[in-house]
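Notes for the structure review
Take a look at the letters that make up each chain.
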Amino acid sequence: MAVKEAVKDTEAKTAADGGTLIGKRIPKMDAPMKASGKTRYIHDINLPGQLHAKILRSARVHARIKKIDTSKAKALPGVHAVITAADVPNQHPIGVAKDHLPLKTDRVRSLRDEIAAVAADSVEIAEEALKLIEVEYEDLPILSDPRDSLKANAPLIHPEPHGADGTHDHLKQGMPIAYTGKKDNIAMTFDYAQGDMAQGKAESDIIVEDCFSLHYVTHCCMGVSGVIAEFDSSGNLLLYSNTQVPFLHRREFADLLGIDPGRIRIIQPPIGGGFGSKLDIYPFEPIAIYLARITKRPVKLVFSREEEFVASPTRQPVLLRLRSGCKKDGTLTFREVDTIHDNGAYTSWGATTPFVMMQTISSLYRVPHCSYHTKAVYTNNPYAGSFRGYGNLQATFAVEAHMDRMAEAVGMDPLAFRLKNAQEPGEVTPQGMNFKSCGFKDCLTTAAEHGDYERKHRDNATKWNDPNPIKRGVGMASMLHVGGGAKIYQSDGCGTILKIDDFAHVTLITGASEIGQGSETVLSQLVCEELGLPLSAVTVVNNDTDITPWDVGVHASRTTFIAGNSAIGAARKAKSKILGMAAAKFDTTAEALDLRGGFVIDKASGKRLVDLSKMIRSLHFSDKAELVMTTFYYEPPSRHQDREFKGDVSAAYAWASQVIEVEVDTKTGIVKIVKVSAAHDVGRVLNRLGIEGQVEGGIVMGQGYALTEDLMVENGTIRNPNFRDYKLVTAPEIPEMDISFIESMDGEGPQGAKGVGEAPAICVAAAVANAIYNATGVRMTELPFTPERVYRALHGKAAPMTWSDAE
Amino acid sequence: MSAMVDITFKLNGINRKTRVSATMSALDMVRDVLGLTGTKYGCGEGECGACTISVDGITLNSCLMFAADCDGRDVMTIEGLAADRKGEALRDSFVEHGAVQCGFCTPGFVMQAHHVLEKNPDASEAEIQRGIEGNLCRCTGYRKIVDAIAGVAAAAK
Ligand code: FES
Ligand code: FES
């Protein structure tokens, strides 16, 4: 069939001298299994003797727990264990600020809060048992708007240590919030400044101020969350987990259990979508582990879809106020930004997204003077995690809508205004980011050309008063994102072990997890490129911490760049070892030899000297027996930020511009995305099929963020925890996508490539807002652009968004 | 616990006899009783298509169907389709077109694609898009899924 021919074709090209897999359309290696239903996800794995667990969540948004009675549940036949916080003394707090215990003690702070859990013979019995648990609550006032949380005299979300019943009084001040409580509702603050704001303001001819409000959305991975925990007879823990960061979590679980991390093995079955949702530990994982420890049986815990909506992380709502200035010629002078983030009741990675937001604010364009202040504020809402783009959808939405407003104020075409202020290669920004490769201006002009931006933008704006109720508009937005890892942890590295067996088959053992993005295929391509082998000669092992070398995890669009460089390093070491041995055998130098098409060849003549597998067997079976097995650890040449958030955190940066054309039905408020012209600076295309898939998927995720997805949280309660009311984009709604890749050939990137995973989702909402303005003359400042919201804005029924924080 | 029912039906071409609880869904039966895990749970409410199976030649959401209602019917799951020449053609086209990322939605799409093309071998792009409207994918943005199905339709001509 066609696919086999496609693979054969690429293999043939590799076999020929100078042939390459780089840039080709390479099918994903695990796709045939997935497309025949043979791939075993965590949901599909069942261990002998396994019990099924379910969690009892709070029935109240904010309340004291007066009493829990589990006796009836415990008496139900088939129930093996029912646990509450009282059954797990010395629970360790989890989360980024260590501000919650997996099982809540004396207080619930949101509707997702875990009160008790059951392990039973079947899911049905576990669910039945949950209904028999009796909980007595005493309601507390609900905080559902972060601005209310900031008011003087606002009730506190974490007023006292969790488990103030004395469970934790052995722990002292200076400890995590779960142990100390917090005397205000501010989870985290970030303050960044560069240059001299007074000077920036004095130099400005024009100053524009805008406010924006962004909403809750959630990941909606098609595979719901799940975990299987099992202890062996020596007390070693085996965890089947969907984590994106197995090595970090091994340490966290060890702290949680008070055992040596070396005794924890994490196996990652294929995962039904990640998108950042699996970067933190959530209470269900420790709870499954507690149940496994107590019952001494494997325990499987899988969410229902409703639970997934209620109890998995979100992208956090943000309120932003931006004020920026420019000179008459359009040169930006200063930018001042304040934001408030709804943190929800606990702190996960969502609270730290300002790290990324400030990069867009300070460095997407050249802004000499800049300040940024933000607060992540506790409420009784769902808590926010990391989600593809990590704050950058929010920051870019605001900055890029604001840029259009400024262009209009200064009387410039938005494209020209952007080009005037756009970053260029070689720029080191005041925040310390070094743009060694930067195709930003190419992205701008390419997207503009493909979307016929300038002409359409001019023409559309003349038709605001036309009688036709269907209006067309074009808008553009651009983005900057880390593309060469992000030095957040001690190390941003990745290890590789590469083994070539006596049939010249390569086992590539990498720390980098595969979450559907296609890393296993790209890493194999890079290795094949070095070793002159076809893709079919590689097996990837990437999902077992007992085998794979350390990696910091799948986040920050880092895997192609970091794990790619690591895989290349290991392959080069193997190659040099093989060529060294071959040189001795053929009485020549290693430099005169190469590996191509499964052979050691003479570089000058291209002549095949020996079959690679034969060469390797001769190493294994000689009197100086040698294995070809190499290791490599790649650490990118980036730096940690200093205390002022300055520093070059990524070894490379990715750029993109998207021009989006919309149709607005002014009679109904329905906005349709007609065409997206996207230009992405990806360094270099490694796998064209894979990268197109990443960009298309990201654009459609961005479309959902802009138009349809809205997790409706009212008074701490999610109103639409199902796919009927939480609207994902469906197949008939997708726009035409015209995607161009700018190949800036990054000097540090693997074969010149940079990260791309998050980028495509980031620009969409801003470009759509700008397009709606171009179509109608009405500026949308609140997401998402649902028909109702757009209709109200178009017909003057929406009060403009204002900044009324309670400072 | 609810009453048990004995049912007899054809599963992927083989006659089967099994005992299920009266309230069990067809999805739980194929996954948990019969051990065919290619059919996925995505929502349990008929909103995502991950659980798509074919019953008497019509695709439906197995999460909404009672297992007991399979009695006397001809049921096909992804495992059955994948073993068939038409299923192989779809699989290869999905692979070749890059229509698979995390793959969790893929069995449901392959089942639905088969149904769309059986009904209308000449399906246009818009007809394919409408035909898979009930299946959700969070990864691919659907473009390559539509291309993969159109590829099979074109190859059949
Ligand atoms: S699981 Fe049946 S439609 Fe979603
Ligand atoms: S490929 Fe992941 S949901 Fe479709």
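Residues numbered from 1 in each chain as written. Chains lettered and ligands numbered in written order. Predicted model: local features only at pLDDT ≥ 70, side-chain atom pairs only at ≥ 80, totals over all residues. Heavy atoms only, no water.

1. Focus on the confidence of the model for chain B
Quick reminder of the rule: As a per-residue measure, pLDDT reflects the predictor's confidence and takes values from 0 up to 100.
Looking at chain B, pLDDT values average 97 and 99% of them are 70 or higher. Across the predicted assembly, pTM comes out at 0.95 and ipTM at 0.98.

2. Focus on the pattern of salt bridges
A side chain of one charge can pair with a side chain of the opposite charge when the charged atoms of the two come close. Residues and elements named next belong to chain A. Rule in force here: For this analysis, a salt bridge means a side-chain nitrogen from Lys or Arg found within 4 Å of a carboxyl oxygen belonging to Asp or Glu. Helix and strand labels come from DSSP, where a helix needs a run of H or I of at least four residues and a strand needs a run of E of at least two; each type is numbered from the N terminus. Here the term buried applies to any residue with accessible area under 20% of the maximum for its type, exposed to any over 50%, and partly exposed to those in between, with areas from a 1.4 Å probe on protein chains only.
Tallied over the full model, the rule gives 59 salt bridges over all chains. For arginine 251, the salt bridge identified is with aspartate 255, shortest N-O distance 3.9 Å. Of the two residues, arginine 251 and aspartate 255 are both situated in helix α8 (residues 246–257); the distance of four residues between them amounts to about one turn of the helix. Exposure remark for arginine 251: the relative accessible area of 49% places this residue in the partly exposed category.

3. Some points on the domain arrangement of chain B
All names here are of chain B. In plain terms, the rule: Boundaries of every domain are those given by an automatic assignment or by a domain database. Two parts lose some accessible area (1.4 Å probe) when they are put together, and adding that loss for both gives the buried area. By the convention adopted, Pro, Cys, Tyr, Trp, Phe, Met, Ile, Leu, Val and Ala count as nonpolar, Lys, Arg, Asp and Glu as charged, and the other residues, Gly among them, as polar.
Per the domain assignment, the segments of chain B are domain 1 (4–80) and domain 2 (84–156). Among the residues domain 1 hides against domain 2, the three largest losses belong to Thr52, Thr59 and Ile78. Together they make up 36% of the total. Put simply, the parts of the chain that give the side of domain 1 that touches domain 2 at least two residues each are β3 (52–55), β4 (58–61) and α2 (78–82). In terms of residues, the side of domain 1 that touches domain 2 owes the most to one element, β3, which gives three residues. Grouping the constituent residues of the side of domain 1 that touches domain 2 by class yields seven nonpolar, eight polar and two charged.

4. So, the domain arrangement of chain A
Residue and element names in this part refer to chain A. What counts is decided by this rule: Contact definition: two residues touch when any of their heavy atoms are within 4.5 Å. Any N or O atom pair separated by 3.5 Å or less is treated as a polar contact, with the protein-specific requirement of one donor-capable and one acceptor-capable atom, and with residues adjacent in sequence counted only for side-chain atom pairs.
Here chain A is partitioned into domain 1 (2–39 + 493–634), domain 2 (46–141 + 151–176 + 229–271 + 278–311) and domain 3 (314–486 + 641–794). Look at where the C-alpha atoms of domain 1 and domain 3 centre, and you get two points 37 Å apart. Every contact between the two is made by 24 residues of domain 1 and, on the other side, 27 residues of domain 3. Roughly 1,800 Å² is buried in total at the junction of domain 1 and domain 3, and carbon and sulfur atoms are behind 57% of that figure. Of all residues in domain 1, Arg25, Ser557 and Phe561 give up the largest surface area on contact with domain 3, accounting jointly for 35% of the area buried on that side. The tally of links between domain 1 and domain 3 comes to one salt bridge. Put simply, glutamate 692 and arginine 25 hold a salt bridge, and the shortest N to O gap is 2.9 Å. Counting the contacts that link domain 1 with domain 3 gives eight residue pairs in polar contact (both at pLDDT 80 or more). For the side of domain 1 that touches domain 3, the elements supplying multiple residues, two or more each, are α16 (519–531) and α17 (559–586). Here the side of domain 1 that touches domain 3 is composed, by residue class, of 11 nonpolar, eight polar and five charged.

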